[in-house]
Amino acid sequence: MTTLIKRMLYLLCVVLIVSGAIMLFSGIGDCTKIVSTEPLDINDVDSSKFHDGILVSGDIYYVIDSVATSYSTELFSNSKIIYYLVPIKSGKYVLVATGNTNEINTLDRIFQQTCQYLNQEIEDTFTSLNIDGKVFPLDDELKDFLYSWAETTNYFSTTDQSLIDEEVLPYVIHTQSWKNIKVITAVGLITMLLGIIGFIIVHKKLIVKG
């Protein structure tokens with residue numbers, strides 16, 4: 001086995017180990033939560049139960065508006081994430097963020113129907129979206145977008161930020177595909193194990209030949 005081939009095999013094994021570890025550890029936390037805990041239903045859970053890191057699921061029947069849009073800063077990426085204001089239990093509101101095109105299209109339809117419902121043009125909305133997601137804290141930039149939207153639309157009949165904070169939970173739900181998380185975690189584990197096994201085999205052959 002030439003020195004070049006040895007280096008290439010070692011490098012391949014290291015790449016497999018590192019890439020597998022990245023995939024594994026990026027999803028194992030959420031994967032463990034998905035398997036071990038029951039996600040909270042956004043239409044049933046009390047707003048006081050919301051906190052950073054919990055998993056939630058449920059159907060969205062009403063959308064008040066989209067209050068912000070963020071765009072990816074990655075090279076050659078045109079992806080965007082839209083933040084929707086959604087009513088939940090106890091008359092509170094929470095932001096729901098998604099970059100999934102199908103979810104965006106459905107939420108936009110729900111928004112149009114919500115407007116018709118509030119204007120008494122229809123009896124109720126007839127489109128819904130079932131989401132799975134993870135809760136994150138609402139950062140200052142998103143809060144500023146929310147306050148700006150509230151001032152422009154006067155939806156809460158006030159521009160007092162403290163009063164708006166009483167209406168909107170200080171969290172944002174980022175939608176997730178739990179199936180994809182499980183797949184990525186499994187693929188990461190398998191890839192990392194293949195890299196480790198390959199590294200051991202190559203190393204043993206070199207020792208034997210040496």
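Look up a bit, the structure's there.
Residues numbered from 1 in each chain as written. Predicted model: local features only at pLDDT ≥ 70, side-chain atom pairs only at ≥ 80, totals over all residues. Heavy atoms only, no water.

> Any chance you could explain the overall build of the chain here in plain terms?
In terms of helices and strands, the chain carries five helices and seven strands. Considering only residue pairs separated by 6 or more positions, the chain has 64% of its internal contacts joining residues 24 or more positions apart. When the accessible surface of the chain is summed, it comes to about 12,700 Å², and 57% of that surface belongs to carbon and sulfur atoms. (Helix = DSSP H or I, 4+ residues; strand = E, 2+ residues; numbered from the N terminus. Contact = heavy atoms within 4.5 Å. Areas by Shrake-Rupley, 256 points an atom, 1.4 Å probe, with all protein chains shown as cover.)

> Honestly, the packing of aromatic side chains in this entry has me stumped. Any pointers?
Two descriptors summarise a pair of aromatic rings, namely the distance from one centre to the other and the angle between the planes of the rings. In the structure shown here, the tally under the stated rule is six aromatic pairs. The interplanar angle of 35° and the centroid separation of 5.6 Å between the aromatic rings of Tyr62 and Tyr117 together place this pair among those described as tilted. A residue pair is termed long-range when its members are at least 10 positions apart, and Tyr62 in the loop between strand 2 (55-60) and strand 3 (65-71) and Tyr117 in helix 2 (residues 101-118) qualify at 55 residues. For the pair Tyr155 and Phe156, a centre-to-centre distance of 5.1 Å together with 85° between the ring planes defines the contact as edge-to-face. Relative accessible area serves as the criterion here: at 14%, Phe156 is assigned to the buried category. Connected via pairs of aromatic rings, a cluster forms that spans Tyr93, Trp149, Tyr155 and Phe156. (Phe/Tyr/Trp six-rings, centres within 6.5 Å; stacked < 30°, edge-to-face > 60°. Buried < 20%, exposed > 50% of the residue type's maximum accessible area, 1.4 Å probe, protein only.)

> Please clarify how the nonpolar core should be interpreted in this entry.
Nonpolar side chains tend to gather and get buried jointly when the protein is soluble and globular. Phe50, Ile60, Val63 and Ile173 are the most contacted members of the largest nonpolar core, which has 23 residues in total. Elements represented by at least two residues in this core include exactly strand 2, strand 4 (80-87), strand 5 (93-98), helix 2, strand 6 (129-137) and strand 7 (168-175). The element that contributes the greatest number of residues to this core is helix 2, accounting for four residues. With residues near it in sequence (within four places) discarded, Phe50 still touches Ile42, Val45, Val56, Ile88, Val135, Leu169, Tyr171 and Ile173. By size, the runner-up hydrophobic cluster in this structure holds 18 residues, among which are Ile64, Val67, Tyr93 and Ala97. (Core = buried A, V, L, I, M, F, W, Y, C linked by side-chain atoms within 4.5 Å.)

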